[in-house]
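Residue-level structure breakdown
Chain residues, written in single-letter form:
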Amino acid sequence: MAILINNRKYDVIVIGAGPSGVSSAVNCAKKGLKVLIVDLNSNTGGQIYRAPPKTYKSISKKLKENEIQKQLSNEIKKFKIETAYNHTVWQVSPGFKVNAFNETSTIQWQSKSLIIATGTYEKIIPFEGWTIPGVIGLAACTIILKAHHFIPSKKIVLAGNGPLLMLVAYYVIQFGGKIDAIVDTSSKIDWIKSSFSLMTNPKNFRDGIKWVFKIFLNRIPVYSNSTIEKAFEVDEGIKLKIRNLKTGKAKNIISETIAIGHGLIPSTDITRLLRAEHIYDEQKGGWIAKVDRFLRSSVRGVYLAGDGAGISGALAASDKGLLASSTLLYDEKIISQKEFDQNTYKILKKLDKYEVFSKAISKLNSTPKKIIENIDNGTVICRCEDITKSEILRAVDQGARDINQIKSWTRLGMGPCQGRTCQYAASKIVAEYLNYEIDNLGYLTGRSPIRPVPLDRVLGDFDYEKITKVEAAPL
Amino acid sequence: MTETDVAIIGGGINGGSTGLELAKNGLNVTIIDKNFICRGASGVNAGTLTMHMTRAQLIPYAKKGWELWMNTSEWLSKEIDVEKKNGLCLAFTEDEEKLLIERSKIRKYYGADISIISIKEAQRIDPNINSSIKCAAFCEMDGYVSANQTGNAYSKALKENKVKILENYDVSKIDYHKNKYVIIFKNGEKLTASSIILATGVNLEKTLKLLQINIKIKCLPQQLIVSERMPKIMDTVITVANGKLSLKQFKNGTVLIGGGWPGIGNIEDNYTETKPENLIGNMMLACHAIPRLKSSRVARVWLGLEAETDDAMPIIGEIPNYENAYVIGSIHSGYTSGPYMGKLLAEKILGKDIDLSLFDIKRFL
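Residues numbered from 1 in each chain as written. Chains lettered and ligands numbered in written order. Predicted model: local features only at pLDDT ≥ 70, side-chain atom pairs only at ≥ 80, totals over all residues.

What about the overall build of chain B?
As a reminder of what qualifies: Secondary structure elements are taken from DSSP: a helix is a run of H or I of four residues or more, a strand is a run of E of two residues or more, and numbering for both begins at the N terminus. For the radius of gyration, the atom set is restricted to C-alpha positions; the globular benchmark scales as 2.2 Å times the number of residues to the power 0.38. Remark: C-beta atoms are placed from the backbone, and a residue is labelled buried if 20 or more other C-beta atoms sit within 10 Å of its own, exposed if 12 or fewer do, or partly exposed between those counts. Throughout, a pair of residues is in contact if the C-beta atoms placed from their backbones lie within 7 Å.
Within chain B one finds 10 helices and 18 strands. In terms of C-alpha radius of gyration, chain B reaches 21 Å, essentially the compact-globule figure of 21 Å for 365 residues. The buried share among the 365 residues of chain B stands at 57%. Considering only intrachain contacts with a sequence separation of at least 6, the fraction spanning at least 24 residues in chain B is 72%.

Here it is, written out as structure tokens:
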């Protein structure tokens, strides 16, 4: 049997080994709980502090992010926390049973409580040509830069919005690339307005200034209030059309790679699977699991750490991990009310401060109505199933009124990514078209497996005689 | 308060097909669904149109249903993909061979054009099947529908025939006086109808209670598994002797594994959950039948709730003690025969002499 059942019952399984997962695992381990931390990557760090591949021995210059990742791993080792790296969670069921697969097989663990620290994935508003080779996500680009230390191509266009644009620009210049353009849906005034709020977090603000300064010094053309309308392959590379959403003016340029991203979407795969309550909060990234102030979800025993229940960024992540795990320890009567109050008082105060910062960030990441309207009808929205904007609108015209009905009629979100990539944009398009509040459309029902499971790994080698017998159907 | 000739509670294929036929004959029809049209079993089932899994007594109805599915553009809509395929039912052991021969013989007696064929013949029909089979049963009358499109197709057809559709309308009470039914919804609205048809699938037990009819309807939570898109690995609809596998590859390349392996689920809070050991069993059986399937990845698993009466036979026809009240549901392999069953009930309501005694609800009262 290729499903290995691990009968050891953990007190808590932490899913995700980014900063929030690690801090919550450590907090629980310190109090003597049996903890398992699971991650699909080969080490701690999550996306933000992703470690370079183990085989990269010749990386000479270590980045700040790589150092932080090392610290996280050391913490895990110091408290002798059990780890399951390279394990992709594909099913979580009440009770709790966590199923994951690695290179060879699939395994099931059990635990009393769950801390979900699965972070976010990137939000991309599609445009005509976004599926051609050479168009990558902005967040994906940061991973290439920070974990692999190289740039996707010498010449690159960065597009989308938010501070990630500036961060990626900084690293591309650092690694010797040439930025042909930065295409930002926000205006310069948006940036100035938000800078006061961003100042509440001096450390990150200083970083931001450093990035912007570098962009300025390198005279990189910045197109504000603008979006990429169209991109296609030409002999010289990728030809793209930049549209100014305010003036309507268009400009064509040629580059080699486009890195585009419009912010981040909290991952709700597991909470949707567990049928937890979810709410829509545009500022926090869209659909998020409903949590109380102490990060308890609506399902007893399930806590959310990190950006999963609303984006507040890397700095807040470890504090959110502490908060979620302290709540768990309190609910399990491992720490007293007094200790809990003491722990959480400080954290909550800190988190309130971060909130001002993260609100400003999410404002810069907001999706202007105009870029949704501007999407050409022939543009593919669901790239797993090749569903275009006009096919979505056709289903709406025929009476589909919620996202699951649109899924069923068009196949949108039925592919291997299970709608992670298209749900946000598709919902925006439909809400805009119907003049609906977006939350009226609902969210895609959580379905197992969260990530596609290779059948050979689930099944292994088997004899026909060993297959479970079920009652024959009536004749 | 609004009025209608016929109120159909339940907008699946049973209610939808009955309503469509009534509307085509000039009646004013309203279809009520507590969710959306065909979003229950009608929209999430495997879409298999096979005789190999049909209950023997239902074969004549399934055949008629199959014919209707094969020409949906004429009576339903163009918005639904239907494919005719050969059907192979496989036996892997000697016991299964015996079972398959016996079951096929009975199905044949009831009118299914099924023949037992050798390994060689089976491999000629579909070279992708496991070469270790003992024998196979073959039937040309097989195929599948992309069941996820059912809602779109029915919704369009019903609207074109001026059927009024009330979605997200949950019925809380049915009053009956002076030969009229007053349906009261949870949102406070009311609808008056001269006739009513109950077609709420797995919820029929609860809906029948509104008319003080108490019968048991089991809820079978069935698991379905679909692969990612992959190159063509099979060209038939595959089933097995004991009826616990349905397997086919759609035009877009995805392979759907069904067969009614139970998961966990209940009607009350509409909760469903997979049973990993049954998923594994179902997948193993599928990979045993089509070995190349093992190189694929599972993209999604979901469950549908199937309704079953105590004798696993349908309930279709008049509801006793009421005038102009009808029920339709619990049709085994109901997706295949549903459109025809709906048509039959409609014809009966329209005054034709249709014999539905085999499905009379009275047998449970």
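What to know about the overall build of chain A
When you go through chain A residue by residue, the secondary structure sums to 14 helices and 22 strands. Scaling as 2.2 N^0.38, a compact globule of 475 residues should have a C-alpha radius of gyration of about 23 Å, and chain A matches this with 23 Å. Expressed along its principal axes, the backbone C-alpha trace of chain A runs to roughly 65 × 65 × 45 Å. The burial tally for chain A puts 50% of its 475 residues in the buried class.

Overview of the domain arrangement of chain A
Interface size is commonly expressed as the accessible surface area that is lost when the partners come together. Residue and element names in this part refer to chain A. Short version of the rule: Where each domain begins and ends follows an automated or database-derived domain assignment. Each residue gets one of three labels, nonpolar for Ala, Val, Leu, Ile, Met, Phe, Trp, Tyr, Cys and Pro, charged for Asp, Glu, Lys and Arg, and polar for the others, Gly among them.
For chain A, the assigned domains read domain 1 (3-121 + 265-335), domain 2 (124-262) and domain 3 (377-441). Between domain 1 and domain 2, the C-alpha centre-to-centre distance is 30 Å. If you look at the interface, domain 1 gives 8 residues, while domain 2 gives 8 residues. Residues of the side of domain 1 that touches domain 2, tallied by class, amount to 5 nonpolar, 1 polar and 2 charged.

Re the sheet that holds strand 15 (residues 257-261) of chain A
Residues and elements named next belong to chain A. Keep this limit in mind: In this scheme, strands are said to pair when DSSP sees at least two bridges between them. Here an angle of 0 to 180 degrees is reported between the N-to-C directions of two axes, which are lines fitted to C-alpha atoms, with helices fitted over the stretch in contact.
Taken in spatial order, the 5 strands of this open sheet run 8-15-9-10-11, and their pairing is parallel. Each having just a single partner strand, strand 8 (135-137) and strand 11 (222-223) make up the two edges of the open sheet. Bridge count for strand 9 (residues 155-160) against strand 15 is 5 bridges, and the pairing is parallel. Bridging across to strand 15, Val157 finds its partner in Ile258. Contacting strand 8, strand 9 and strand 15, helix 3 (residues 138-148) crosses the sheet at an angle of about 80° to strand 8.

What about the confidence of the model for chain B?
Test applied: Every residue is assigned a pLDDT by the predictor, reflecting its confidence on a scale from 0 to 100.
Residue-level pLDDT values for chain B average 95, and 100% of them are 70 or greater. As scored by the predictor, the complex reaches a pTM of 0.92 and an ipTM of 0.90.

A closer look at unusual backbone geometry
Residues and elements named next belong to chain A. Residue Gly95 is joined to Phe96 through a cis peptide bond whose omega torsion reads -5°. Look at the link from Ser448 to Pro449: it is a cis peptide, with omega at -10°. One non-glycine residue, Lys80, adopts positive backbone phi at about 50°. Mapped onto the secondary structure, Lys80 falls in the loop between helix 2 (64-78) and strand 3 (82-84). For Leu295, which is not glycine, the phi torsion reads 70° and is therefore positive. The exposure class of Leu295 is buried, given the 30 C-beta atoms found within 10 Å.

Examining the sheet that holds strand 10 (residues 218-227) of chain B
Within the open sheet, the 9 strands sit side by side as 22(A)-16(B)-10(B)-13(B)-12(B)-11(B)-3(B)-5(B)-4(B). Their pairing is mixed. The sheet terminates laterally at strand 22 (453-454) of chain A together with strand 4 (114-117) of chain B, the two strands that pair on one side only. Relative to strand 16 (residues 297-308) of chain B, strand 22 of chain A is paired through 2 bridges, and the arrangement is antiparallel. Considered in strand 16 of chain B, the bridge of Pro454 of chain A is made with Arg297 of chain B. Sheet contacts for helix 9 (residues 276-289) of chain B: strand 3 (82-91), strand 10, strand 11 (236-240), strand 12 (246-249), strand 13 (255-262) and strand 16 of chain B; angle to strand 13 of chain B, the most-contacted strand, approximately 130°.

Some words on the nonpolar core
General note: in soluble globular proteins, nonpolar side chains tend to be found buried as a group. Heads up, the condition is: Linking buried Ala, Val, Leu, Ile, Met, Phe, Trp, Tyr and Cys residues through C-beta atoms within 7 Å yields a set, and such a set is a nonpolar core.
Judged by nonpolar contacts, the single largest core of 237 residues is most densely connected at Val35, Leu158 and Val168 of chain A together with Leu90 and Met283 of chain B. Here this core gets 9 residues from one element, more than from any other, and that element is helix 4 (residues 163-174) of chain A.

A closer look at the interface of chain A and chain B
Taken together, the 33 residues of chain A in the interface contact 45 residues of chain B. At 4 residues, helix 14 (residues 455-459) of chain A tops the list of elements feeding residues into the side of chain A that touches chain B. Grouping the amino acids of the side of chain A that touches chain B by side-chain chemistry returns 20 nonpolar, 10 polar and 3 charged.

A closer look at the pairing of strand 9 (residues 190-198) of chain B
Residues and elements named next belong to chain B. Relative to strand 9, strand 1 (residues 2-9) runs parallel, the two being bridged by 7 bridges. What sits directly across from Thr4, in strand 9, is Ala193. Of the strand pairs in this sheet, strand 8 (residues 180-185) and strand 9 are connected by 4 bridges, and their pairing is antiparallel. Residue pairing across strands places Ile183 opposite Leu191, the latter belonging to strand 9. Where strand 8 hands over to strand 9, the hairpin turn is made up of 4 residues, of which Gly188 adopts a positive phi near 95°.

Here we look at the environment of Lys155 of chain A
Position of Lys155 of chain A among the secondary structure elements: in strand 9. For the pair Lys155 of chain A and Val212 of chain A, spaced 57 residues apart in sequence, the C-alpha to C-alpha distance is 19 Å.

Section: the domain arrangement of chain B
Residues and elements named next belong to chain B. One can read the domain layout of chain B as domain 1 (2-43 + 149-216 + 311-364) and domain 2 (84-141 + 218-308). For domain 1 and domain 2, the distance between their C-alpha centroids amounts to 31 Å. Every contact between the two is made by 10 residues of domain 1 and, on the other side, 8 residues of domain 2. The class makeup of the residues in the side of domain 1 that touches domain 2 is 4 nonpolar, 5 polar and 1 charged.

Digging into helix 11 (residues 389-397) of chain A
Residues of helix 11 of chain A that are buried include every one of Lys389, Glu391, Ile392, Ala395 and Val396 of chain A, and no others. On its buried face, helix 11 of chain A is in contact with strand 20 (380-382), strand 21 (387-388), helix 12 (403-410) and helix 13 (423-434) of chain A together with helix 7 (150-160) of chain B. Phi turns positive one or two residues past the end of helix 11 of chain A, at Gly399 of chain A, with a value near 115°.

Looking at the packing of helix 4 of chain A against helix 6 (residues 202-217) of chain A
All names here are of chain A. Put simply, the test is: To sort the angles, those under 35 degrees are grouped as roughly parallel, those over 145 as roughly antiparallel, those from 65 to 115 as roughly perpendicular, and the leftovers as oblique. Note: crossing handedness is left-handed where the near helix turns anticlockwise from the far helix by less than a right angle, and right-handed where it turns clockwise.
Relative to each other, helix 4 and helix 6 sit at 60°, their axes nearing to 9 Å. Here helix 6 runs oblique to helix 4, going by the angle between their axes. The two elements helix 4 and helix 6 cross, and the hand of that crossing is left-handed. For the pair formed by helix 4 and helix 6, the contact residues are Pro163, Met166, Leu167, Ala169, Tyr170 and Ile173 on the first element and Gly208, Trp211, Val212, Lys214 and Ile215 on the second. Per-class residue counts for the contact of helix 4 with helix 6 are 9 nonpolar, 1 polar and 1 charged.

A closer look at helix 1 (residues 13-24) of chain B
Residue and element names in this part refer to chain B. For clarity, the cut-off: Multiplying 1.5 Å by the residue count of a helix minus one yields the expected span of that helix.
The terminal C-alpha atoms of helix 1 lie 16 Å apart, and with 12 residues this matches the ideal 16 Å at 1.5 Å per residue to within 8%. Residues Ile13, Asn14, Gly15, Gly16, Ser17, Thr18, Gly19, Leu20, Glu21, Leu22 and Ala23 constitute the buried set of helix 1. Among the residues trailing helix 1, Gly26 stands out with phi positive, at a value near 90°.

Brief notes about the packing of helix 1 (residues 19-30) of chain A against helix 2 of chain A
Residue and element names in this part refer to chain A. The contact between helix 1 and helix 2 brings their axes to 10 Å, and the two run at 25°. Taken together, the axis directions place helix 1 and helix 2 in an arrangement best described as roughly parallel. Like other packed secondary-structure pairs, helix 1 and helix 2 cross with a definite hand, here left-handed. Along its contact with helix 1, which presents Pro19, Val22, Ala25 and Val26, the element helix 2 presents Leu72, Glu75 and Ile76. Looking at the contact of helix 1 with helix 2, its residues break down into 6 nonpolar, no polar and 1 charged.

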